[in-house]
Amino acid sequence: NKLYFRHGPVSSAKTLNLLSVAHSYRSQNKTVLLLKPSLDTRFGNATIKSRSGLEKTADFMIEDTTDLLVDLQKPKELHCILVDEVQFLSPHHISQLRHITSLWSVPIICYGLRTDFRTRLFPGSKRLLELADNIEEIKTTCYGCNRKALFNLKHVDGVAVVDGPSVQLGCEESYFPTCFTCYKKALTQADTEFPSD
Ligand SMILES: Nc1ncnc2c1ncn2[C@@H]1O[C@H](COP(=O)(O)OP(=O)(O)O)[C@@H](O)[C@H]1O
Ligand SMILES: Cc1cn([C@H]2C[C@H](O)[C@@H](COP(=O)(O)O)O2)c(=O)[nH]c1=O
């Protein structure tokens, strides 16, 4: 059974896609487990919510200390596991998900960001790129033009930034999906260098 990584920039409808897949399984009386990192508290602890307004409750929250191979209980019948905000999981949790696909014979579909606002891979996303059978891009347009968005531009008080911690929960007021050209332009306007190598 396969491990999937469906990645896209902020606001590309990743959560909407996850909720739609969950709905499809459940409408066929199939069992899905919805997982998310406990770090993501934006919409209340166990809520998986899309900007479209749709939401569902997570079945299991993954803490830093969670041992998925011990703490996650397999239901009698299980057809799929869906994981939201997967960029916040540790590489170890990603490895454990990889093992669960074969131990439980179940597909696992992970949704999340590939890179942070500094253009760097999140550690969990890096591990997924290494371990996933299937890597799919969820596309959206740049907020500044009509090209495809690739990066996540962070604004603080309306000014583009590339400094600060990788993780800071937020919505449209902080992060915008952008193409390379608009990302670079916003940094230039803020007198900030493109992240160095
Ligand atoms: N008021 C709205 N009604 C319907 N769809 C919306 C609304 N606001 C945003 N959306 C859509 O929701 C999607 C993004 O939501 P979400 O699933 O939260 O994305 P992501 O998980 O990638 O951040 C976009 O496709 C956007 O067009
Ligand atoms: C780019 C970026 C994002 N985050 C946070 C902001 C949100 O809480 C989530 C992304 O949610 P979405 O459903 O994909 O919009 O991640 C962060 O902490 N650091 C970043 O660099």
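Just so it is clear, the model here is predicted, and its values are computed rather than measured.

S.K.: Honestly, the site of ligand 2 in this entry has me stumped. Any pointers?
M.R.: Lining the immediate surroundings of ligand 2 are 19 residues, of which Lys14, Arg51, Phe117, Ser166 and Gln168 lie closest. Taking glutamate 85, its side chain carries an N or O atom lying 3.1 Å from an oxygen atom of ligand 2. Separating a nitrogen atom of ligand 2 from a backbone N or O atom of serine 166 is a distance of 2.6 Å. For ligand 2, the cavity whose grid points lie within 2 Å of the majority of its atoms is the largest pocket. Considered class by class, the residues forming the shell around ligand 2 number eight nonpolar, six polar and five charged.

S.K.: How do you make sense of the pairing of strand E6 (residues 80–83) when you look at a structure like this?
M.R.: The two faces of a sheet get side chains in turn, since along a regular strand they alternate between them. Side chains of E6 alternate between two faces, with Cys80 and Leu82 and Ile81 and Val83 buried alike. Bridge analysis of E6 against strand E7 (residues 108–112) gives three bridges, and the strand direction is parallel. Across the sheet, the residue bridging to leucine 82 is isoleucine 109, located in E7. Considered for its hand, the β-α-β crossover made up of E6, helix H3 (residues 91–103) and E7 is right-handed.

S.K.: So what exactly am I meant to see when it comes to the site of ligand 1 here?
M.R.: Around ligand 1, the structure places Pro9, Ser11, Ser12, Ala13, Lys14, Thr15, Leu16, Ser50, Arg51 and Ser52. Here an oxygen atom of ligand 1 sits 2.9 Å away from a polar atom, N or O, in the main chain of threonine 15. One nitrogen or oxygen atom from the side chain of serine 50 is found 2.8 Å from an oxygen atom belonging to ligand 1. Burial of ligand 1 by the protein amounts to 60% of the accessible area it has alone, namely 580 Å². Grouping the constituent residues of the shell around ligand 1 by class yields three nonpolar, five polar and two charged.

S.K.: Can you help me understand H3 in this one?
M.R.: For an α-helix the count is 3.6 residues per turn, leaving residues at separations of three or four pointing the same way. Counted at 1.5 Å a residue, the expected span for H3 with its 13 residues is 18 Å, and the 18 Å between its end C-alpha atoms agrees. Along H3, the positions that sit buried rather than exposed are His93, Ile94, Ser95, Gln96, Leu97, Arg98, Ile100 and Thr101.

S.K.: Is there a simple way to explain the side chain of aspartate 84 in this structure?
M.R.: Relative to the helices and strands, aspartate 84 resides in the loop between E6 and H3. One polar contact links aspartate 84 to threonine 15, side chain to side chain, over a distance of 3.0 Å. Beyond its immediate sequence surroundings of up to four residues, aspartate 84 is in contact with Thr15, Leu18, Leu35, Lys36, Pro37, Ile48 and Tyr111.

S.K.: How do you make sense of unusual backbone geometry when you look at a structure like this?
M.R.: Phi is mostly negative for residues that are not glycine, and the peptide bonds are mostly trans. Even without being glycine, threonine 119 reaches a positive phi, approximately 70°. Mapped onto the elements, threonine 119 comes out in the loop between E7 and helix H4 (123–131). Using a relative accessible area of 19% as the deciding quantity, one classes threonine 119 as buried. At aspartate 191, a residue that is not glycine, the phi angle is positive and equals roughly 60°. Of note, aspartate 191 is situated in the segment after helix H5 (180–189). Residue aspartate 191 is classed as exposed on the basis of its relative accessible area, which comes to 75%.

S.K.: So what exactly am I meant to see when it comes to the layout of surface pockets here?
M.R.: Unfilled space is identified by rolling a water-sized probe across the atoms. If you add up the space inside the largest pocket, you get close to 430 Å³. Contributing to the lining of the largest pocket are 33 residues, with Val10, Lys14, Arg42, Arg51 and Glu85 lying nearest its centre. Those elements giving two or more residues to the lining of the largest pocket turn out to be helix H1 (14–27) and E7.

Conventions we followed
- Residues numbered from 1 in each chain as written.
- Chains lettered and ligands numbered in written order.
- Predicted model: local features only at pLDDT ≥ 70, side-chain atom pairs only at ≥ 80, totals over all residues.
- Heavy atoms only, no water.
- Near = heavy atom within 4 Å.
- Polar contact = N/O pair within 3.5 Å; in protein donor to acceptor, adjacent residues only side chain to side chain.
- 1 Å grid on protein atoms, 1.4 Å probe; cavity = no way out; pocket = protein on both sides within 12 Å on 5 of 7 lines; lining within 4 Å.
- Sits in = over half its atoms within 2 Å of the grid points.
- Nonpolar A, V, L, I, M, F, W, Y, C, P; charged D, E, K, R; others polar.
- Buried < 20%, exposed > 50% of the residue type's maximum accessible area, 1.4 Å probe, protein only.
- Helix = DSSP H or I, 4+ residues; strand = E, 2+ residues; numbered from the N terminus.
- Pairing = 2+ DSSP bridges.
- Right-handed = clockwise from strand over helix to strand, strands pointing away.
- Areas by Shrake-Rupley, 256 points an atom, 1.4 Å probe, with all protein chains shown as cover.
- Expected span 1.5 Å × (residues − 1).
- Contact = heavy atoms within 4.5 Å.
- Points joined across faces, edges and corners; volume = space filled by probe spheres on them.

Worth remembering: the numbers are spatial, not functional.
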